[in-house]
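Secondary and tertiary structure notes
One-letter residues, chain by chain:
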Amino acid sequence: MRTPKFLIAALTAFATVFADAETKTSNGYEITLKAERESAVYKIGEDATFKLTVKRDGKPVSGVKLAGNITKDSVPPRLDFSGETDANGEFKSVGTLDEAGFLKCKIYVDVPATADKKAARVEMLAGAGFDPLKIKPSAPAPRDFDAFWNKQKKILKDIPMNVKLTRVNKPTSAYDIFDVQADTFNGKFSAYITMKKNSAPKSLPAIILPQGAGVYSSSIAGDWANNGFLALSFNVHGIPNGKPNEFYRNLQRTTLRGYETKNSNSRETIFFRTAFMRVMRAIEIATAQPQWDGKNLVIYGGSQGAGQAIAGAALRSDKITLLVAKYPALCDHTGIFVNRTTGWPHFVKTKDANGNFDREKTEAARYVDAVNFAERVKCPAIFTIHYADDVCEPTSAFAAYNNIRTKKELVPVTEARHLAPQWENDLMMKKIVDFVNEAKAKQK
């Protein structure tokens, strides 16, 4: 990475603020930040310009003080800067990268006080990619990766499912909703199955919905049932569903605090070994339901759920017919090998002052790396990646996407941080429904 350079002046004769820039309002001021190129994509070695704009009542505001930095997608090197908006209400910072990857520009804007409001500091964030389709995995899969996971499949096969379905919906409901409890590796399996009431045998495509990060109940997926699916939403921890919120908050404060990185110095004890076994059990339970049509099986998740979805699509490539991964976590844990960021949960993100890092944790994480599972996916895949994501950094997500070897589609979301805008969720639902309807038409 060349040292980022900064131009604190108006570089063009016109101002363009793209509608998909990050936009915030404070004290009546409207603040936007985005890479100036609409696609937010540049070639390696090109200059990427980030433009901050401050307006009030639709007019540019000059002299607004700010400070910020540009990093290599949240890891060093980092260059700090400060300044203020010009006569056009703009401040521009320019960075470049001499490798495939991303830059992040973070700016703290000091919004002036008004007659009735105190001064405020507003954080803005934007990302820019440099030939992101050339981002490669930072390390190959371990030589015994497949052998390790074949062994896990054998372990799971030898554990009886002991499935118990308990109806939870009212008789007047339009759905059949079941709480699902079963046995799995290292504990219990806990889920909800939701489908239209009185669905006929072999009539429904199924969708597996792995849970995002946190500690909470499985979800009742009425939206998917309305679209004609048998939906299985499962709990990553195997804990009971439908409890009061305090039950889950207490677990997150105590026994499940920091679950994502606990005991992560061994592939045998790392949490996601157990989590991915639950993914496989979810697939087994969904496909055992008499209403499943026996052909169409989607796995779909965001963040931690997307990492699980990638793993599930690889581990049960004989069953999954479509993978959809939104802003995936659990990607490229070995990024530190090549001085890049890693994906959430960042088992080992940076080196210490002496240039060392925890090699034991990094080695264990290779066995639960979505990059390595991505290479083994056999079905079509759809990914979304957020260019300003500061949780599941886009560099790590692209390392996984680029390792998919089957038919695939990318939906870049240039303005988003980690959480998905509603249009993204709606689009993914439409793409999934359309894909399954087309598949069913061909199957007739």
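Data block above holds the structure.
Residues numbered from 1 in each chain as written. Predicted model: local features only at pLDDT ≥ 70, side-chain atom pairs only at ≥ 80, totals over all residues. Heavy atoms only, no water.

Regarding the overall build of the protein chain
Of regular secondary structure, the protein chain possesses nine helices and 19 strands. Expected size for 444 residues packed as a compact globule is a radius of gyration near 22 Å; at 23 Å, the protein chain falls within 12% of this value. Viewed in the frame of its principal axes, the protein chain has a C-alpha envelope of about 70 × 55 × 50 Å. In the protein chain, which comprises 444 residues, the proportion classed as buried is 56%. Of all intrachain contacts in the protein chain linking residues separated by at least 6 positions in sequence, the fraction that spans at least 24 positions is 70%. For the protein chain, the exposed area adds up to about 18800 Å²; of that, 51% sits on carbon and sulfur atoms. (Helix = DSSP H or I, 4+ residues; strand = E, 2+ residues; numbered from the N terminus. Rg over C-alpha atoms; globule rule 2.2 N^0.38 Å. Buried < 20%, exposed > 50% of the residue type's maximum accessible area, 1.4 Å probe, protein only. Contact = heavy atoms within 4.5 Å. Areas by Shrake-Rupley, 256 points an atom, 1.4 Å probe, with all protein chains shown as cover.)

Here we look at the pairing of strand 19 (residues 408–413)
Relative to strand 19, strand 18 (residues 381–386) runs parallel, the two sharing six bridges. Its bridge partner lying in strand 19, Ala381 is registered against Lys408. Assessed by its sense of winding, the connection that carries the chain from strand 18 through helix 8 (residues 394–401) to strand 19 is right-handed. (Pairing = 2+ DSSP bridges. Right-handed = clockwise from strand over helix to strand, strands pointing away.)

Details of the packing of aromatic side chains
Ring pairs (aromatic) are described by centroid distance and by the angle formed between their planes. Under the definition given, this model contains 23 aromatic pairs. For the pair Phe189 and Phe234, a centre-to-centre distance of 5.7 Å together with 25 degrees between the ring planes defines the contact as stacked. Residue Phe189 is located in strand 13 (residues 187–196), and its partner Phe234 is located in strand 15 (residues 230–234); the two are separated by 45 residues in the primary sequence. In textbook terms, an aromatic cluster arises when at least three aromatic residues are bridged by ring pairs, as seen for Phe145, Phe148, Trp149, Tyr259, Phe271, Phe272, Phe276, Trp344, Tyr367 and Phe373. (Phe/Tyr/Trp six-rings, centres within 6.5 Å; stacked < 30°, edge-to-face > 60°.)

Examining unusual backbone geometry
In the segment running from Pro76 into Pro77, the intervening peptide bond is cis, with an omega of 5 degrees. Tracing the backbone shows Pro77 in strand 7 (residues 75–84). Residue Trp344 is joined to Pro345 through a cis peptide bond whose omega torsion reads 10 degrees. Residue position: Pro345 is located in the loop between strand 17 (322–326) and helix 6 (359–365). Even without a glycine there, the phi angle at Leu330 is positive, about 65 degrees.

Some words on the pattern of salt bridges
Across all of its chains, the model carries 31 salt bridges by this definition. Here Glu246 ties to Arg249 by a salt bridge, and the two come within 3.1 Å at their closest N and O atoms. Note that Glu246 and Arg249 are positioned in helix 3 (residues 245–253) at a spacing of three residues, about one turn of the helix. On the accessibility criterion, Glu246 (37% relative accessible area) is partly exposed. (Salt bridge = Lys/Arg side-chain N within 4 Å of Asp/Glu carboxyl O.)

A few points about the packing of helix 1 (residues 145–157) against helix 4 (residues 271–287)
How two helices pack is summed up by the angle between their axes together with the distance between the axes. The contact between helix 1 and helix 4 brings their axes to 11 Å, and the two run at 55 degrees. Relative to helix 4, the element helix 1 lies oblique. Seen along the crossing, helix 1 lies across helix 4 with a hand that is right-handed. For the pair helix 1 and helix 4, contact is made by Phe148, Trp149, Gln152, Lys153, Ile155 and Leu156 and by Phe272, Arg273, Phe276, Met277, Met280, Arg281 and Glu284, respectively. Here the residues of the contact of helix 1 with helix 4 sort into eight nonpolar, one polar and four charged. (Axes fitted to C-alpha atoms, helices over the stretch in contact; angles between N-to-C directions. Parallel < 35°, antiparallel > 145°, perpendicular 65-115°, else oblique. Left-handed = near helix turned anticlockwise from the far one by under 90°. Nonpolar A, V, L, I, M, F, W, Y, C, P; charged D, E, K, R; others polar.)

A few points about the sheet that holds strand 6 (residues 65–72)
On the basis of which strands lie adjacent, the open sheet formed by five strands has the order 3-10-9-6-7 and mixed pairing. Each end of this open sheet is capped by a strand with a single partner; those strands are strand 3 (41–42) and strand 7.

Observations concerning the sheet that holds strand 13
Taking strand neighbours across the sheet as the criterion, the nine strands line up as 11-12-13-15-14-16-17-18-19 in an open arrangement whose pairing is mixed. The two strands at the open ends of the sheet, each matched to only one other strand, are strand 11 (164–167) and strand 19. Averaged over all neighbouring strand pairs, the angle between strand axes comes to 20 degrees, with direction disregarded. Pairing of strand 13 with strand 15, which is carried by four bridges, proceeds in the antiparallel orientation.

Notes on the nonpolar core
In terms of nonpolar packing, the biggest core is built from 109 residues, with Leu52, Leu232, Phe276 and Leu323 touching the most fellow members. Per-element accounting of this core gives the leading share, eleven residues, to helix 4. Other than its neighbours up to four places away in sequence, Leu232 contacts Phe189, Ala191, Tyr192, Ile193, Ile207, Ile208, Leu209, Ala282, Ile285 and Ala286. If you look at the next biggest cluster of nonpolar residues, it comprises 17 residues, including Phe229, Tyr300, Val411 and Val436. (Core = buried A, V, L, I, M, F, W, Y, C linked by side-chain atoms within 4.5 Å.)

Remarks on the environment of Val413
Summarising the element assignment, Val413 is placed in strand 19. A relative accessible area of 1% means that Val413 is categorised as buried. Residues Val413 and Ala388, 25 residues apart in the sequence, show an inter-C-alpha distance of 8.6 Å.

A look at the packing of helix 4 against helix 5 (residues 304–315)
Helix 5 packs onto helix 4 with a crossing angle of 65 degrees between their chain directions and a minimal axis gap of 9 Å. Pair helix 4 / helix 5 crosses with right-handed handedness. Contacts between helix 4 and helix 5 involve Phe272, Ala275, Phe276, Val279, Met280 and Ile283 on the former and, on the latter, Gln304, Gly307, Gln308, Ala311, Gly312 and Leu315.

Description of helix 5
Along its twelve residues, helix 5 runs 17 Å from first to last C-alpha, staying within 8% of the 16 Å computed at 1.5 Å per residue. Among the twelve residues that make up helix 5, twelve are buried, leaving the element largely enclosed by the rest of the structure. Those residues of helix 5 that sit buried are Gln304, Gly305, Ala306, Gly307, Gln308, Ala309, Ile310, Ala311, Gly312, Ala313, Ala314 and Leu315. (Expected span 1.5 Å × (residues − 1).)

Focus: helix 1
Here helix 1 spans 19 Å end to end across 13 residues, near enough to the 18 Å set by a 1.5 Å rise per residue. Among all positions of helix 1, only Phe145, Phe148, Trp149, Gln152 and Leu156 are buried. Looking straight down helix 1, one finds that the buried residues subtend no more than 90 degrees of arc, so they occupy a single side. Counted as exposed and oriented over 90 degrees from the buried face of helix 1: Lys151 and Lys157. Those residues of helix 1 hidden inside the fold are in contact with strand 12 (175–184), helix 4, helix 5 and helix 7 (370–374). (Arc of directions from axis to C-beta.)

Coordinates in, geometry out; function isn't part of it.
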